[in-house]
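What the coordinates show
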Amino acid sequence: MQKKWIAAAFACFLMLTPATSFAADNSLDDDYMDVVFGKLSELDDADKDKYSAGLKLNMGGDSSLQGLQDNWKSRLSASQVQELSDLGISDKDVEDNIEKLKSWDLDDRLKLVDYAVDGNQAGVEALNSKYGDNDSDSSSSSKGKGSSGSGGSGGSSAPAADENVPTVTVEDESLPQGAVQSAAVRLGERGLISHPLSVSAQNKVEAYSDMSTHWSKDYVGFFMDRDIISGRSETEFAPDAAITNSEIITLISKVVVQDPDQLGDMNEMTFTDVDDSAWYADYAKQLGQLGVLKADGTSALNPDVQPKRQEIVKMLIDTLDALELETGESTPSVLMAFDDAREIEPANFNAMQRAVALGLINGMGDGRLAPDDGVTRGQIAVMLKHFHDYVLSQIEEVTS
């Protein structure tokens, strides 16, 4: 559901794009500029973050902009529409502005949002000047070409479903060999994953009656053979059951921590709702020690709560950061192929875009990321395998 602040900020933003009604030379009118930045300055930092993330999703390929062009008025209140009219901005001006944005490189569209939110008038003016001579053919220029290969919705199809992706696609370059070896040594010294996980026994998954034909069998089997994951009984794995906080914390800890004794003193890593005798207590402390979880004696773990997909992704990306591994650059454009990207909470937006860029998640196969859905035990095996493979891709040379 559109929030009032989104509509208000959007109304302001429409004034930022060049329109022939503003000035003969296609540059911004100072009066409008003052109105825009005055409005944006009224937003607090949290609302600015939400505004920025949401608007960037609307700045994708032509299909995203076309939807914005067709339906912009429905996103504003009657008073906001009237405010635009009072400023001399007609419906045609708005639609012409959006049409002109189709000629902008995608990177410049995203910069325009950042500059507006940061109050960088000089940056906005520079971008506007760059496209100041495009007025005659604004509807037929490049189609958001700046980062279209990263998953923008203009002509791109949604990535395949997570459960149907057998390999990890990593979009950044590998580290140089020396850096990879240094990373492996550094991680090993910290007691963290620095070599492939050891196989304790093979084909353990065959013992579970509900896994014989399940799509996640190979992924679950990989972690079973390495004593990372187990069933909920001796004969049932429950692949379609939702995973809980205690389970996902345990799985991540088992993958990344190879020698807990090297993590340091974990006596102060406590949660208000976790007894030291709980089966997952040590794993929670380990992620607390790494800084992935906040564990200062005043925080709750909510072990039985079923986390949202975006919350699990955030935890995985925070773990990558704790490992201090190179993850490359990504932009919000990678999320523009997904119909429900606007449901991503601002606190998780960066993690979700990085996870898509790295191939840790690939969507549900129907144009959705499903950020608010729970994650099943089968699905977490896929996500965790992609995570594991990415980590090993950064350190595998030291063990080859």
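Scroll up to find the structure this text is about.
These lines cover the structure that appears in this document, whether it is placed above or below. As the structure is a computational prediction, the values presented were derived from the model and not from experiment.

What counts and what doesn't
Residues numbered from 1 in each chain as written. Predicted model: local features only at pLDDT ≥ 70, side-chain atom pairs only at ≥ 80, totals over all residues. Heavy atoms only, no water. Helix = DSSP H or I, 4+ residues; strand = E, 2+ residues; numbered from the N terminus. Buried < 20%, exposed > 50% of the residue type's maximum accessible area, 1.4 Å probe, protein only. Axes fitted to C-alpha atoms, helices over the stretch in contact; angles between N-to-C directions. Parallel < 35°, antiparallel > 145°, perpendicular 65-115°, else oblique. Left-handed = near helix turned anticlockwise from the far one by under 90°. Contact = heavy atoms within 4.5 Å. Expected span 1.5 Å × (residues − 1). Salt bridge = Lys/Arg side-chain N within 4 Å of Asp/Glu carboxyl O. Phe/Tyr/Trp six-rings, centres within 6.5 Å; stacked < 30°, edge-to-face > 60°. Lys NZ or Arg CZ within 6 Å of the ring centre and 35° of its normal.

**Some points on unusual backbone geometry**
A positive phi angle is found at Asn203, which is not glycine, with a value near 60°. Structurally, the position occupied by Asn203 is in the loop between α9 (177-189) and α10 (217-224). Classification of Asn203 as exposed rests on a relative accessible area of 53%. Of note in this structure, Ala238 is not a glycine but carries a positive phi near 65°. Among the residues examined, Ala238 registers a relative accessible area of 22% and is labelled partly exposed.

**Structural notes on the packing of helix α11 (residues 245-256) against helix α15 (residues 377-395)**
Relative to each other, α11 and α15 sit at 30°, their axes nearing to 11 Å. By the angle class used here, α11 and α15 are roughly parallel. As α11 runs across α15, the sense of the crossing is right-handed. Two secondary-structure elements touch here, α11 through Glu247, Ile248, Leu251, Ile252, Val255 and Val256 and α15 through Arg377, Ile380, Leu384 and Phe387.

**Some remarks on helix α7 (residues 106-118)**
Residue pairs three or four apart in sequence face the same way in an α-helix, which turns once every 3.6 residues. Its 13 residues give α7 an end-to-end C-alpha distance of 19 Å, which sits within 8% of 18 Å, the value for a rise of 1.5 Å per residue. Taken together, the buried positions of α7 are occupied by Leu106, Asp108, Arg109, Leu110, Leu112, Val113, Ala116 and Val117. Two residues or fewer after α7 comes Gly119, characterised by a positive phi angle close to 75°.

**Thoughts on the pattern of salt bridges**
All chains considered together, the criterion is met by 13 salt bridges. Taken together, the salt bridges that share partners define one network made up of Arg232, Glu247 and Arg377.

**Quick look at the environment of Pro239**
Of note, Pro239 is situated in the loop between α10 and α11. Sequence separation of Pro239 and Val220 is 19 residues, and the distance between their C-alpha atoms is 8.6 Å. When near neighbours in sequence (up to four residues on either side) are disregarded, Pro239 contacts Asp210, Met211, His214, Ser216, Thr376, Arg377 and Gly378.

**Some details on the packing of aromatic side chains**
Scanning the model with the defined rule gives 2 aromatic pairs in all. Considering the side-chain rings of Phe222 and Phe223, the 5.0 Å spacing of their centres and the 90° angle between planes classify their relative orientation as edge-to-face. Of the two residues, Phe222 and Phe223, both sit in the buried class. A cation over a ring is seen here: Arg377 above Phe237, with NZ or CZ 4.2 Å from the ring centre.

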